[in-house]
Amino acid sequence: MARTALVTGSAGFIGYFTVKALLDAGWQIVGLDAMTDYYDVTLKERRRAMLRQSPSYRDVEARVETPGTLHDLFEEHQFDAVIHLAAQAGVRYSIEAPRSYVEANLMGTFELLEAARAFPPAHMLLASTSSAYGANTRMPYVETDKADHQMSFYAATKKATENMAHSYAHLYDLPITMFRFFTVYGPWGRPDMAHFKFTKAILNGDPIDIYNHGDMRRDFTYIDDLTLAILALIDTVPGDVPVDGDSLSPVAPHRVVNIGNGAPVALMDFIAAIEAACGVEAIKTYHDMQPGDVPATWADAELLHRLTGHRAQTPVQDGINAFVAWYREYYGV
């Protein structure tokens, strides 16, 4: 029999590609998404419409933080795996609207953990963020490093979900993997993300805003590399035997795993890749660093490799070429 998974945030950027990969692998999927208007809902509708074409996909429109919603789904389906991607995203928006982060990220994760306590799945995989490393300056970021000084409220809520999940893993023996994403990009991405905003501005002939005067680096991770890593981790259930350099908790079936490219790219080189794909040079406007941001991220991706054999394969120029090609087709540019 096909295994069944719950994917929250299923109409989101990462959620869509994760569900698609699971469907291709023969899973039955229940996808839950609130279809919020944080960004253009049309993009979410298009993603959801494509997923609905599969007879193995069930769509549920609801908020994860609504009491009882997840409990009822867990009771009905007895999920083999749960992949929790639903969240209020965005470092800068968390300064403007912090309450939405409490509701979606903290209360939503609480409802998920309570549902899992009542009806335990074989494995739960919850999304965190590279922003959890906060003010850490030692790079690359390693999962066993302390991460206590988050720089944004968004990052603080995601680190809090890691701690919440650890307590439930310990108290109720729930196997949980937390993955920390590093700057995911690709086709169907969110319009508030850098690659999307830069491409839109460049093709429109508008200036792009470059913060910290361009002195920034990011560990850009292509969406296909990310989804392959998530699928590989599903059957890598935290147990009693750690691997070398493991972040496995000594008191719970709980592990933190970086999912990144493992090779940071200078922001100006990333912009140059977009310029090359667009065939247009950007008009650049330079600014100081924004509140809550960090100058660099860099994933140590060795734990993921030791656990699954997976390594990111997509060069940034190839990933950007794929995104710009999608953007031109989608928007008719």
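Keep in mind that this is a model prediction, so the values were computed, not measured.

Calculation notes
Residues numbered from 1 in each chain as written. Predicted model: local features only at pLDDT ≥ 70, side-chain atom pairs only at ≥ 80, totals over all residues. Heavy atoms only, no water. Buried < 20%, exposed > 50% of the residue type's maximum accessible area, 1.4 Å probe, protein only. Helix = DSSP H or I, 4+ residues; strand = E, 2+ residues; numbered from the N terminus. Pairing = 2+ DSSP bridges. Phe/Tyr/Trp six-rings, centres within 6.5 Å; stacked < 30°, edge-to-face > 60°. Expected span 1.5 Å × (residues − 1). Arc of directions from axis to C-beta. Contact = heavy atoms within 4.5 Å. Polar contact = N/O pair within 3.5 Å; in protein donor to acceptor, adjacent residues only side chain to side chain. Axes fitted to C-alpha atoms, helices over the stretch in contact; angles between N-to-C directions. Parallel < 35°, antiparallel > 145°, perpendicular 65-115°, else oblique. Left-handed = near helix turned anticlockwise from the far one by under 90°. Nonpolar A, V, L, I, M, F, W, Y, C, P; charged D, E, K, R; others polar. Lys, Arg positive; Asp, Glu negative; His and termini not counted. Salt bridge = Lys/Arg side-chain N within 4 Å of Asp/Glu carboxyl O.

Q: Which parts of the structure should I look at to understand the pairing of strand E11 (residues 254-259)?
A: As a general feature of sheets, a regular strand has side chains that alternate between the two faces. Judged by how many residues are buried, E11 sits mostly within the fold: 6 of 6 residues are covered. A two-sided burial pattern is seen for E11, the buried positions comprising His254, Val256 and Asn258 on one face and Arg255, Val257 and Ile259 on the other. The pairing of strand E6 (residues 176-181) with E11 spans 6 bridges and is classified as parallel. Each residue of the ladder has a partner; that of Ile176, found in E11, is His254.

Q: Could you clarify how one ought to interpret the packing of aromatic side chains in this entry?
A: The description of two aromatic rings rests on the distance between their centres and on the angle between their planes. Scanning all chains against the criterion turns up 30 aromatic pairs. Where Tyr93 meets Tyr101, the ring centres are 6.2 Å apart and the plane angle is 50°; that geometry is what we call tilted. Using a relative accessible area of 29% as the deciding quantity, one classes Tyr93 as partly exposed. Ring plane angle 80° and centroid distance 6.2 Å describe the contact between Trp326 and Tyr331, whose orientation is recorded as edge-to-face. What links up through ring pairs into an aromatic cluster is the set Phe13, Tyr16, Phe17, Trp188, Phe196, Phe323, Trp326, Tyr327, Tyr330 and Tyr331.

Q: Before we go on, may I ask you to explain helix H2 (residues 41-52) in this structure?
A: Working note: α-helix, 3.6 residues per turn, so residues spaced by three or four point in the same direction. Its 12 residues give H2 an end-to-end C-alpha distance of 16 Å, which sits within 8% of 16 Å, the value for a rise of 1.5 Å per residue. Residues of H2 that are buried: Leu43, Lys44, Arg47, Arg48 and Leu51. Across the axial projection of H2, the buried residues extend over an arc of 130°, all falling on one side. Close packing links the buried residues of H2 with helix H1 (13-24), strand E3 (57-61), helix H7 (194-204) and helix H11 (316-331). Its side-chain oxygen 2.9 Å from the backbone nitrogen of Thr42, Asp40 forms the N-cap of H2.

Q: What am I meant to see in the sheet that holds strand E2 (residues 28-33) here?
A: The pairing of strands in a sheet happens through backbone hydrogen bonds and is either parallel or antiparallel. Pairing within the open sheet is parallel, and its 7 strands lie in the order E3-E2-E1-E4-E5-E6-E11. Two strands close off the open sheet at either side, each with one partner strand: E3 and E11. Within this sheet the neighbouring strands show an average axis-to-axis angle of 20°, counted without direction. With 5 bridges joining them, strand E1 (residues 4-8) and E2 adopt parallel strand pairing.

Q: When you look at the packing of helix H9 (residues 267-278) against H11 in this model, what are you seeing that I'm missing?
A: To describe two helices that pack against each other, one gives the angle between their axes and the distance between the axes. As a packed pair, H9 and H11 sit with axes 9 Å apart at the nearest point and diverge in direction by 50°. Taken together, H9 and H11 sit at an angle that is classed as oblique. Helix-helix and strand crossings are classified by hand; for H9 and H11 the assignment is right-handed. Residue-level contacts link Phe270, Ala273, Ile274, Ala276, Ala277 and Cys278 of H9 to Val316, Gln317, Ile320, Asn321, Val324 and Arg328 of H11. Taken together, the residues that form the contact of H9 with H11 break down as 9 nonpolar, 2 polar and 1 charged.

Q: Whenever I open this one, the side chain of Lys44 confuses me. Can you help?
A: Looking at the secondary structure, you find Lys44 in helix H2. Among buried charged residues, Lys44 stands out as having no salt bridge; its nearest opposite-charge side chain is Asp33, 4.8 Å away.

Q: Would you mind showing me how to read the pattern of salt bridges here?
A: This structure, assessed with the given rule, holds 18 salt bridges. Close ionic contact of Lys20 with Asp24 constitutes a salt bridge, the shortest N to O distance being 3.7 Å. Separated by 4 residues within a single helix, Lys20 and Asp24 lie in helix H1, roughly one turn from each other. Overall, Asp24 belongs to the exposed group, its relative accessible area being 61%. Ionic pairing is found between Arg63 and Glu65, a salt bridge with its closest N-O pair at 3.5 Å. What makes Glu65 buried here is its relative accessible area of 16%.

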